[in-house]
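# Structure at a glance
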Amino acid sequence: GENVEQHPSTLSVQEGDSAVIKCTYSDSASNYFPWYKQELGKRPQLIIDIRSNVGEKKDQRIAVTLNKTAKHFSLHITETQPEDSAVYFCAASMPGGFKTIFGAGTRLFVKA
Amino acid sequence: SQTIHQWPATLVQPVGSPLSLECTVEGTSNPNLYWYRQAAGRGLQLLFYSVGIGQISSEVPQNLSASRPQDRQFILSSKKLLLSDSGFYLCAWVSGGRVRTEAFFGQGTRLTVV
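Residues numbered from 1 in each chain as written. Chains lettered and ligands numbered in written order. Predicted model: local features only at pLDDT ≥ 70, side-chain atom pairs only at ≥ 80, totals over all residues. Heavy atoms only, no water.

## With respect to the nonpolar core
Worth spelling out the cut-off: By nonpolar core we mean a set of buried residues, namely Ala, Val, Leu, Ile, Met, Phe, Trp, Tyr and Cys, connected to one another through side-chain atoms within 4.5 Å. Type-normalised accessible area, obtained with a 1.4 Å probe on protein chains alone, sets the label of each residue: buried when under 20%, exposed when over 50%, and partly exposed for intermediate values. The helix count covers DSSP runs of H or I at least four residues long, the strand count covers runs of E at least two residues long, and both are numbered beginning at the N terminus.
One finds Trp35(A), Phe73(A), Leu75(A), Tyr36(B) and Phe105(B) to be the most contacted residues of the largest nonpolar core, which totals 42 residues. If one sorts the elements of this core by residue count, strand S9 (residues 86-92) of chain A sits on top with seven residues. Core analysis: the second largest hydrophobic core is formed by 20 residues, Cys23(B), Leu33(B), Leu64(B) and Leu76(B) among them.

Dropping the structure here:
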């Protein structure tokens, strides 16, 4: 079955710096890769996603890249702010969102 | 609009007692439903998913079970809880749109087995 690995497990950056979180997946049939942000005590919420027919997608300060050949995808946050502090999850799923598998999560700390 | 309800929000149960967590979805039909568990400081572990009434797929064999008695109802159960069952349980509904496929999570249930 699909396996998603996420690194690092913890990331601490200074406010204004960039943060990069990387994930790999195992099942080449996966074609949809969302990223979720979970603030303390709250449920995860979708922040950005990318489909397998796209190599890069950007939304203001966040961007995702996908390398289908290597089965790698990454989240990039630029100009980090304290409110970016949260746990971030990558995920991979089959067409239609069937069986979405999450990575282990990255706890991001942005120091003011 | 679609909403997902999960209850209870918190639960403290003794070892060996039964468990029943309920999740219902409104505003959609034939949803793909999921149960995840999040252990303290760890990621989301997929426990069960269901693509329709009576259709349950198990990802992690353990003393938990799931049932889908109605189209928009998903139940997580156990006959006898273990200490290791403690964690944060999240029900999720995944929309399979053409443009965006998004998982909507319930509020979660924090289960403490004592």
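## A word on the sheet that holds strand S6 (residues 56-59) of chain A
Residue and element names in this part refer to chain A. Where we set the bar: Here a strand pair is declared whenever DSSP counts at least two bridges between the two strands. Here an axis means a line fitted to C-alpha atoms, over the contact stretch when the element is a helix, while the angle between two N-to-C directions is reported on a 0 to 180 degree scale.
Strand order in the open sheet formed by five strands is S1-S3-S8-S7-S6, with antiparallel pairing between adjacent strands. Each edge of the sheet is formed by a strand with only one pairing partner; in this case those strands are strand S1 (4-7) and S6. Across the sheet, the mean angle from the axis of one strand to that of its neighbour is 15 degrees, orientation sign disregarded. Where S1 meets strand S3 (residues 19-25), four bridges bridge the pair, whose relative direction is antiparallel. Bridge pairing links Glu 5 to Thr 24 in S3.

## Points about the pairing of strand S8 (residues 73-78) of chain B
Residue and element names in this part refer to chain B. Taking burial as the measure, the six residues of S8 include six buried ones, the bulk of the element. Of the two faces of S8, the one holding Gln 73, Ile 75 and Ser 77 and the one holding Phe 74, Leu 76 and Ser 78 are both buried throughout. In terms of strand pairing, strand S3 (residues 19-26) meets S8 through six bridges, oriented antiparallel. Residue pairing across strands places Cys 23 opposite Phe 74, the latter belonging to S8. With five bridges joining them, strand S7 (residues 64-70) and S8 adopt antiparallel strand pairing. Bridge pairing in S8 places Ser 67 opposite Ile 75. The antiparallel hairpin formed by S7 and S8 contains two residues in its connecting segment.

## Some points on the pattern of salt bridges
Side chains that differ in charge, positive against negative, can pair when their charged atoms come close. Residues and elements named next belong to chain A. So the rule is basically this: When a carboxyl oxygen of Asp or Glu is within 4 Å of a side-chain nitrogen of Lys or Arg, the pair counts as a salt bridge.
Under the definition given, this model contains six salt bridges over all chains. Across the salt bridge formed by Glu 39 and Lys 37, the nearest N and O atoms sit 3.5 Å from each other. On the basis of relative accessibility, which here comes to 31%, the residue Glu 39 falls in the partly exposed class. With a relative accessible area of 17%, Lys 37 lands in the buried category.

## A look at the side chain of Arg68(B)
All names here are of chain B. In plain terms, the rule: N or O atoms closer than or at 3.5 Å make up a polar contact, with two conditions inside protein: a donor-capable atom paired with an acceptor-capable one, and, for residues adjacent in sequence, both atoms drawn from side chains. Any pair of residues with heavy atoms lying within 4.5 Å of one another is described as a contacting pair.
You can see Arg 68 is positioned in strand S7. A polar atom in the side chain of Arg 68 sits 2.5 Å from the backbone oxygen of Asp 71. Leave out the neighbours within four places in its chain, and Arg 68 touches Asn 30, Pro 31, Leu 33, Ser 50, Val 51, Gly 52, Ile 53, Gly 54, Ile 56, Gln 73 and Phe 74.

## Section: the sheet that holds S8(B)
All names here are of chain B. A sheet is described by the order of its strands in space; here four strands give the open sequence S1-S3-S8-S7, paired in antiparallel fashion. Where the open sheet ends on each side, the last strands, each with one partner, are strand S1 (3-7) and S7. Averaged over all pairs of adjacent strands, the angle between strand axes in this sheet comes to 20 degrees, irrespective of strand direction. As defined by bridge partners, S1 adjoins S3 across five bridges and the pair is classed as antiparallel. Looking across to S3, one finds that Trp 7 is bridged to Glu 22.

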